[in-house]
Amino acid sequence: MNIRIYPEYFQGQLCSRDVEIYGDSTDGFSRMKLQLHGEIQCYYDKINSDGNNTPSENTFEPCIFEIESVAVGLICCMDINDPQVYVPVIDDLMEFKCENKVLAISAFMTDRSWFSGDSVASYLSGLYVVLANGCGLGPKSFITDAKGNKLSSSDITLGNVSIINYGVT
């Protein structure tokens, strides 16, 4: 099984098979979605506005999806800087019995200082972090190991699940 993670405001064609995670513009919201075989399984509207979207007025509920030995939590772009988003997502991920926990961040980040360096912040330790960035001027897309170290590859296999980063950088 494959999990494909695309950038925020994704405009391309989806495969409509396996798991696909992406953010798009829906009714003025930047909506972070996870679909399985072309069917939406969960989504949330981005809490914070980047100037291109309407911020959500809904109470945030984490979107977590489990497949085989992998639990995936969704975060849309700059919501990774908001504790009201990342804390409940990480807490929920940690409650899953899955061996592998993945934080999928679909983004259009323009600020190169975000996620600079060879590793991610310590509060993300214990998670595989995937940043699929759609802005060539911002931080490079990446995947980390569970210790937070950025890997050189754009894909990783965890058990029987392959995770593929379709960020543009």
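First, a word on what this report is: a plain description of the structure on this page.

Here we look at the nonpolar core
Link 1 in the chain: If you look at the biggest cluster of nonpolar residues, it comprises 50 residues, and the most contacted ones within it are I3, I21, L103 and I105.
Link 2 in the chain: Considering every element that reaches this core, the biggest residue donor is strand β6 (residues 70-76), with six residues.
Link 3 in the chain: If near-sequence neighbours (up to four positions away) are discounted, I3 is found in contact with V19, I21, I67, V70, V72, V161, S162, I163 and I164.

What to know about the pairing of strand β8 (residues 128-133)
Link 1 in the chain: Most of β8 sits inside the fold, with six of its six residues counted as buried.
Link 2 in the chain: In β8, alternate side chains face the same way, and those of Y128, V130 and A132 on one face and V129, L131 and N133 on the other are all buried.
Link 3 in the chain: Pairing of strand β7 (residues 100-107) with β8, which is carried by six bridges, proceeds in the parallel orientation. Within β8, the position partnered with V102 by the bridge is Y128.

Here we look at the sheet that holds strand β1 (residues 2-8)
Link 1 in the chain: Here six strands make up an open sheet; going across it, the order is β4-β3-β2-β1-β11-β10 and the pairing mixed. Whereas interior strands pair on both sides, the edge strands pair on one side only; in this sheet they are β4 (39-45) and β10 (155-158). For this sheet, the mean inter-axis angle between neighbouring strands, taken without regard to orientation, is 20°.

Thoughts on the layout of surface pockets
Link 1 in the chain: Space inside the largest pocket adds up to approximately 210 Å³.
Link 2 in the chain: Surrounding the largest pocket, 18 residues form its lining, P139, K140, S141, F142 and T169 being those nearest its centre.
Link 3 in the chain: Across the lining of the largest pocket, the residue classes break down as six nonpolar, nine polar and three charged.

Things to note about the side chain of S30
Link 1 in the chain: Looking at the element boundaries, S30 is found in strand β3 (residues 29-36).
Link 2 in the chain: Look past the residues within four positions of S30 in its chain and what remains in contact with it is E8, Y9, D24, Y44, D45, K46, N53 and C76.

Things to note about the pattern of salt bridges
Link 1 in the chain: Per the stated rule, a full pass over the model turns up five salt bridges.
Link 2 in the chain: For R31, the salt bridge identified is with D45, shortest N-O distance 2.5 Å. Of the two residues, R31 sits in strand β3 while D45 sits in strand β4, which places them 14 residues apart along the sequence.
Link 3 in the chain: Residue classification places R31 among the buried residues on the basis of a relative accessible area of 12%.
Link 4 in the chain: A single network of salt bridges, built from pairs that share partners, joins E8, K46 and D50.

About the criteria used
- In every chain, residue numbers begin from 1 and rise along the written sequence.
- Whole-chain, interface and lining totals are the exception, using all residues; otherwise, since this is a predicted model, local features are given only for residues with pLDDT of at least 70 and side-chain atom pairs are given and counted only at 80 or more.
- Working from all heavy atoms in the structure, the side-chain values ignore hydrogens and water.
- In plain words, nonpolar cores are sets of buried Ala, Val, Leu, Ile, Met, Phe, Trp, Tyr and Cys residues tied together by side-chain atoms within 4.5 Å.
- The buried label goes to any residue with under 20% of its type's maximum accessible area, the exposed label to any with over 50%, and the partly exposed label to all in between, with areas taken from a 1.4 Å probe on protein chains only.
- In this description a helix means any DSSP run of H or I spanning at least four residues, a strand means any run of E spanning at least two, and both kinds are numbered starting from the N terminus.
- Contacts were defined at the residue level, with two residues in contact if any of their heavy atoms lie within 4.5 Å.
- The rule for pairing is simple: two strands pair if DSSP sees at least two bridges between them.
- Note on geometry: axes are lines fitted to C-alpha atoms, helical ones only across the stretch in contact, with angles between N-to-C directions running from 0 to 180 degrees.
- The pocket and cavity definitions rest on a 1 Å grid over protein atoms only: a 1.4 Å probe that fits but cannot leave marks a cavity, an open set with protein on both sides within 12 Å along at least five of seven lines marks a pocket, and residues lining either have an atom within 4 Å of a point.
- Grid points are joined across faces, edges and corners, and a volume is the space filled by probe spheres set on the points.
- Note on residue categories: nonpolar means Ala, Val, Leu, Ile, Met, Phe, Trp, Tyr, Cys or Pro, charged means Asp, Glu, Lys or Arg, and polar means any other residue, Gly included.
- In the sections that follow, a salt bridge refers to a side-chain nitrogen of Lys or Arg positioned within 4 Å of a carboxyl oxygen of Asp or Glu.

Nothing here speaks to function; it is geometry throughout.
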